[in-house]
Amino acid sequence: MMDLVYELSADLTENLADIESRQGKILLVQKCIKQLLNSKDVVASPDFREALEWFNVSQPLSLRKHLKDKLVLLDFFTYCCINCLHVLPEIKKLEEKYTVEHGLVVIGVHSAKFDAEKSSKNVEAAVLRHEIHHPVVNDGMILWNQLEISCWPSIVLLGPGNIPLFILMGEGHTVILDLIIEATLDFFKDKISMKSVPEISPRSHLAPSSGLLFPGRVAVFEEKLLIADSGHHRLLLVNSSTGQVEVKIGCGDSGLKDGSFKEAKFFFPQGIQFLNADVAFVADTENHAIRMIDFRKCLVSTVAGTGEIGNDRVGGSVPATKQQLNSPWGLALNPKKTILFIAMAGSHQIWGLALEDTKLWKKYVSFIFLFSFIKKICAHRSLKQGYCVALAGSGREENRNNSYPHIAAFAQPSGLALSGKNSDCILVADSESSSVRKILLDDGAVSGVVGGEKNPNNLFAFGDKDGKSTEAKLQHPIDVCWSSKLGLAFVADTFNNKIKKIDLEKNTCETIILKSDALTLKEPGGIFSDDASGRIFIADTNNHVIKVADVNNWNLKEFPVRFSTEADSVTKFLKSTESSVVISSNELRLKYQILVKFDGALKAAADAPHSYMISLPDDFKVDAKKGELFIREQKNELYGTVSLEVPSSHQNAQVVTVLKVVTCGDGVCKMETLKAVLNIVRQSDAPQSSNENTIETVFEL
């Protein structure tokens, strides 16, 4: 069915390079379409199977019913794949240029690699995390097999009547796709519908009450806990004992901008590495840059990367801000803090940024003497300050170990940690090979620790099994850390929703049985061992919280992140209210009632979570700092009640409540955020309060 499409698409890509004018290129594309349509082998694409789960739609879409007179771009992806993530901004640009009303409809066809990716809940979280607004279907490899797709990512373009016209594999096709779409829309201008598709309805049902959104990484230095609040495109500096947010770094809007903490912009930041108490580095993943945070000057600056994705496998552009990077994800320092190691997930390599003039591992040069005797002479590789270069990995996506670092190969390395009892190696969480590997700092030799398998080309050797070396199985681990105190490494086995310990001397891996009343882990993306406190901090990404595990008993609990005045400083509130209550000097119980009333055209979504979160002084008592709002259908309203105890020792105070509600009206559902501020004023001459007073806050939407 697809043989001719594959053949013509490959020929077209090659022949377009020989034509200079855009009009000439468009004519070649249209010639290719004519040739395809004149073939007796042309067959319409099969429709989506019924009963599949969809996202960003009000009802499941059908190629035959809803899209027969549209140009349909099918993006076959799996959400773990870094190359698939690279395609998303390429598609977004095309969606902005060619809208549904122009005739183009984009559909993400999720085709899972890992077992965890088959879950529609996990797919939905990925759709929200990566801000995908076009329709997505969890296809289960059905259409993948029918259209003979062979790799991630792949893009198939369907013409009117759902005829497959073109297929492109891999990333970096923005220019050619733009050309093909323009030429195809023009070719079918009499057959393409310019009408909207009402069933396409981007929506968000996320309402995390923690104030965090998909936190990706954590790092501790003394009493400082730095959190990559990735979904909010910012960093939070938090007191590691109290959880109090001390500094917010980044305005909360995605982008690349240096400057003050309030002005700076990040884009889905991930890896964090403290240099000292005053400086930390951040892997600004979707900006393809390394950023530096100066806590003393309250400034953010870019130290490597241009903001554009690059395909360089060598590096060395000077200064490093002219060196293009490719999805940096994890960071680690060498013992002397002269080299910042970078897990370059997009190019499947380990890079390094020289913070000082330094020497890296030994570099062996072979000389052949008489009688074919080979002798290796040892030298060191020198790196000049400010250079950012590839240090290990050929750039091929493989699980290949080798004594020579540039012959070795990685598969989407995502997490790094300086490890070993003598700090003699860098551990690598190699996500797509589902393994943990190490690089010796002495000579750069790359070897396996646990997971994966010996065949370097098999990137499907995943599972959930304790054991030794390749007998142990992991599933897409994203981060790793080292505890000098325990002499053990720990890995966030992300898609198994587990934390596992690794013995580097024995090359063994064992699941940690966590004791907890808290929610189970959901795709934990970050892990850090704080030896001073005997705690392991975990970025529990899809639960939108930070958790801590006590290494003495493995009790796991949520680490509350406390915002000083509001739950989320980057939130744009639909409505805000402020009221005051004057109380006497005695201790007082307040019954705090919250009502959200809707008019006739608007209502609360019945199948969505509605929640509240309260920020208040530590000495106040409250029955629940966060909880659920309930629907009164007969009154078309949401309600919640909280009991507060105001101690007599406390003077004036402020209680801030943030509500996350999902509203529906005119066929569109969206999440809204409301804020209520209650000022409690204590006056000695105020009338004596009764044992319990009722205070009510009402929002009318």
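Throughout what follows, the structure given in this document is the object of discussion. (Residues numbered from 1 in each chain as written. Predicted model: local features only at pLDDT ≥ 70, side-chain atom pairs only at ≥ 80, totals over all residues. Heavy atoms only, no water.)

### Considerations on the pattern of salt bridges
No. 1: What the rule picks out here adds up to 22 salt bridges.
No. 2: Where Lys118 meets Asp115, a salt bridge forms, and the shortest distance between an N and an O atom there is 3.4 Å.
No. 3: In this structure Lys118 comes out as exposed when scored by relative accessible area, which is 52%.
No. 4: Taking relative accessible area as the criterion, Asp115 reaches 45% and is therefore assigned partly exposed. (Salt bridge = Lys/Arg side-chain N within 4 Å of Asp/Glu carboxyl O. Buried < 20%, exposed > 50% of the residue type's maximum accessible area, 1.4 Å probe, protein only.)

### Considerations on the sheet that holds strand S2 (residues 71-77)
Each strand in a sheet pairs with its neighbour through backbone hydrogen bonds, running either in the same direction (parallel) or in the opposite one (antiparallel).
No. 1: Taken in spatial order, the six strands line up as S1-S4-S3-S2-S5-S6 in an open sheet, and their pairing is mixed. Both edges of this open sheet fall to strand S1 (53-55) and strand S6 (163-169), since each of them pairs with a single strand only. Within this sheet the neighbouring strands show an average axis-to-axis angle of 20 degrees, counted without direction.
No. 2: In this sheet, strand S4 (residues 136-138) lies alongside strand S3 (residues 104-110) in parallel orientation, the contact comprising three bridges. (Pairing = 2+ DSSP bridges. Helix = DSSP H or I, 4+ residues; strand = E, 2+ residues; numbered from the N terminus. Axes fitted to C-alpha atoms, helices over the stretch in contact; angles between N-to-C directions.)

### Observations regarding the packing of helix H1 (residues 3-16) against helix H2 (residues 22-37)
No. 1: It is at 11 Å that the axes of H1 and H2 come closest, and there the two elements cross at 165 degrees. Taken together, H1 and H2 sit at an angle that is classed as roughly antiparallel. The interaxial crossing formed by H1 with H2 has right-handed handedness. Contacts between H1 and H2 involve Leu4, Val5, Leu8, Leu12, Asn15 and Leu16 from the first element and Lys25, Leu28, Val29, Cys32, Gln35 and Leu36 from the second.
No. 2: Across the contact of H1 with H2, the residue classes break down as nine nonpolar, two polar and one charged. (Parallel < 35°, antiparallel > 145°, perpendicular 65-115°, else oblique. Left-handed = near helix turned anticlockwise from the far one by under 90°. Contact = heavy atoms within 4.5 Å. Nonpolar A, V, L, I, M, F, W, Y, C, P; charged D, E, K, R; others polar.)

### With respect to the sheet that holds strand S18 (residues 349-354)
No. 1: Taken together, the four strands give an open sheet; going across it, the order is S16-S17-S18-S21, and neighbouring strands pair in antiparallel fashion. The sheet terminates laterally at strand S16 (328-333) and strand S21 (388-392), the two strands that pair on one side only. Within the sheet, the average angular offset between the axes of one strand and its neighbour, ignoring direction, is 35 degrees.
No. 2: In this structure, strand S17 (residues 339-344) lies alongside S18, joined through six bridges in antiparallel fashion. In the strand pairing of S18, Ile339 is matched with Ala354.

### A look at the packing of aromatic side chains
The way to describe two aromatic rings as a pair is by their centre distance and the angle between their planes.
No. 1: Inspection of every chain in the model, using the stated rule, returns 15 aromatic pairs.
No. 2: Note on Tyr79 and Phe495: the rings are 5.7 Å apart at their centroids and 65 degrees apart in plane angle, and the pair reads as edge-to-face. A residue pair is termed long-range when its members are at least 10 positions apart, and Tyr79 in the loop between S2 and helix H3 (82-97) and Phe495 in the loop between strand S28 (488-493) and strand S29 (498-503) qualify at 416 residues. Like Phe495, Tyr79 is buried.
No. 3: Judged by centre distance (4.7 Å) and plane angle (55 degrees), the rings of Phe114 and Phe462 are tilted. Of this pair, Phe114 sits in the loop between S3 and helix H4 (120-129) while Phe462 sits in the loop between strand S25 (446-451) and strand S26 (467-468), and the two are 348 residues apart along the sequence. (Phe/Tyr/Trp six-rings, centres within 6.5 Å; stacked < 30°, edge-to-face > 60°.)

### Brief notes about the packing of H3 against helix H6 (residues 174-187)
No. 1: For the pair H3 and H6, the least separation of the axes is 10 Å and the interaxial angle reads 30 degrees. Judged by the angle between their axes, H3 and H6 are roughly parallel. Between H3 and H6 the crossing geometry is right-handed. Between H3, through Glu90, Leu94 and Lys97, and H6, the contact on the second element is made entirely by Thr174, Leu177, Asp178 and Ile181.
No. 2: Across the contact of H3 with H6, the residue classes break down as three nonpolar, one polar and three charged.

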